Amino acid sequence: MKVFRLLSVLLDYPSDELLASLRESAGKDPLAFVEGLDEVEAFSAVELQTIANFITTLLDTDPMALQGAYVQNFDLTAEHSLHLTHHLFGEEKTRGPALIDLGEFYRSYGLKADEKELPDYLPVILEFVAGTRLRIAVTQCA
């Protein structure tokens, strides 16, 4: 589902390129943009409005401030890590096998994770969900 792809993008580092692409895609009506991506109505109207408001805030905020806040919140604050196995295992040795298992799970669906990111990175997981749900929907329609 395209809306999960959008969530993946919104949780990633707010690079200048990402913000420019988001500005071009969302245009002057972020709510209509978000609603158009929620093809199977996975989110309520309130949730879609919240996502649209978040996009508006991103686009109205100075990029340097966004980037600094992102690094502070997600890279420098362990409790906010977007690497989900970190919350389960911390830096224990058991985290490595969990990462391997997750990567193998992706491959069992024919998907290859981004080699620049660990497979437990929340935007990667959302990308997987977006692709998997689309495949399931297409399979059910066939």
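Structural data are supplied above this passage.
For clarity, every value in this text was computed on a predicted model and none was experimentally measured.

Engineer: Would you take a moment to explain the overall build of the chain for this structure?
Structural biologist: Assigned secondary structure in the chain consists of eight helices and zero strands. Listing each helix as α and each strand as β along the chain from the N terminus yields α-α-α-α-α-α-α-α. Seen through its C-alpha atoms, the chain measures out along the principal axes to roughly 45 × 45 × 25 Å. Per-residue burial for the chain yields a buried fraction of 32% across its 142 residues. Contacts in the chain between residues at least 24 apart in sequence constitute 59% of all its contacts with a sequence separation of at least 6. When the accessible surface of the chain is split by element, carbon and sulfur atoms take 59% of a total near 9000 Å². For the chain, the centre of its 11 positive side-chain charges and the centre of its 23 negative side-chain charges are spaced 6 Å apart.

Engineer: Any chance you could explain the packing of helix α3 (residues 30-37) against helix α4 (residues 45-60) here in plain terms?
Structural biologist: When two helices pack together, their arrangement is given by the angle between their axes and by how far apart the axes lie. Two numbers describe how α3 lies on α4: the axes approach to 8 Å, and their chain directions differ by 130°. Considered as vectors, α3 and α4 are oriented oblique to each other. Judged by the twist between their axes, the crossing of α3 over α4 is right-handed. Facing P30, L31, F33, V34 and E35 of α3, the residues of α4 in contact are L48, Q49, I51, A52, I55 and T56.

Engineer: Honestly, the pattern of salt bridges in this entry has me stumped. Any pointers?
Structural biologist: Any two side chains of opposite charge can pair if their charged atoms end up close together. Applying the stated criterion to the full structure yields three salt bridges. Between E39 and K2 there is a salt bridge whose closest N-O contact spans 3.5 Å. With E39 in the loop between α3 and α4 and K2 in helix α1 (residues 2-11), this pair connects stretches of sequence that are 37 residues apart. Under the relative-accessibility criterion, E39 is labelled partly exposed at 43%. A salt bridge links R95 to D120; its shortest N-O distance comes to 3.3 Å. Of this pair, R95 sits in helix α7 (residues 95-108) while D120 sits in the loop between α7 and α8 (122-141); the two residues are 25 residues apart in sequence, bridging distant segments of the chain. Residue D120 is classed as buried on the basis of its relative accessible area, which comes to 0%.

The rules behind these values
- Residues numbered from 1 in each chain as written.
- Predicted model: local features only at pLDDT ≥ 70, side-chain atom pairs only at ≥ 80, totals over all residues.
- Heavy atoms only, no water.
- Helix = DSSP H or I, 4+ residues; strand = E, 2+ residues; numbered from the N terminus.
- Buried < 20%, exposed > 50% of the residue type's maximum accessible area, 1.4 Å probe, protein only.
- Contact = heavy atoms within 4.5 Å.
- Areas by Shrake-Rupley, 256 points an atom, 1.4 Å probe, with all protein chains shown as cover.
- Lys, Arg positive; Asp, Glu negative; His and termini not counted.
- Charge placed at Lys NZ, Arg CZ, Asp CG, Glu CD.
- Axes fitted to C-alpha atoms, helices over the stretch in contact; angles between N-to-C directions.
- Parallel < 35°, antiparallel > 145°, perpendicular 65-115°, else oblique.
- Left-handed = near helix turned anticlockwise from the far one by under 90°.
- Salt bridge = Lys/Arg side-chain N within 4 Å of Asp/Glu carboxyl O.

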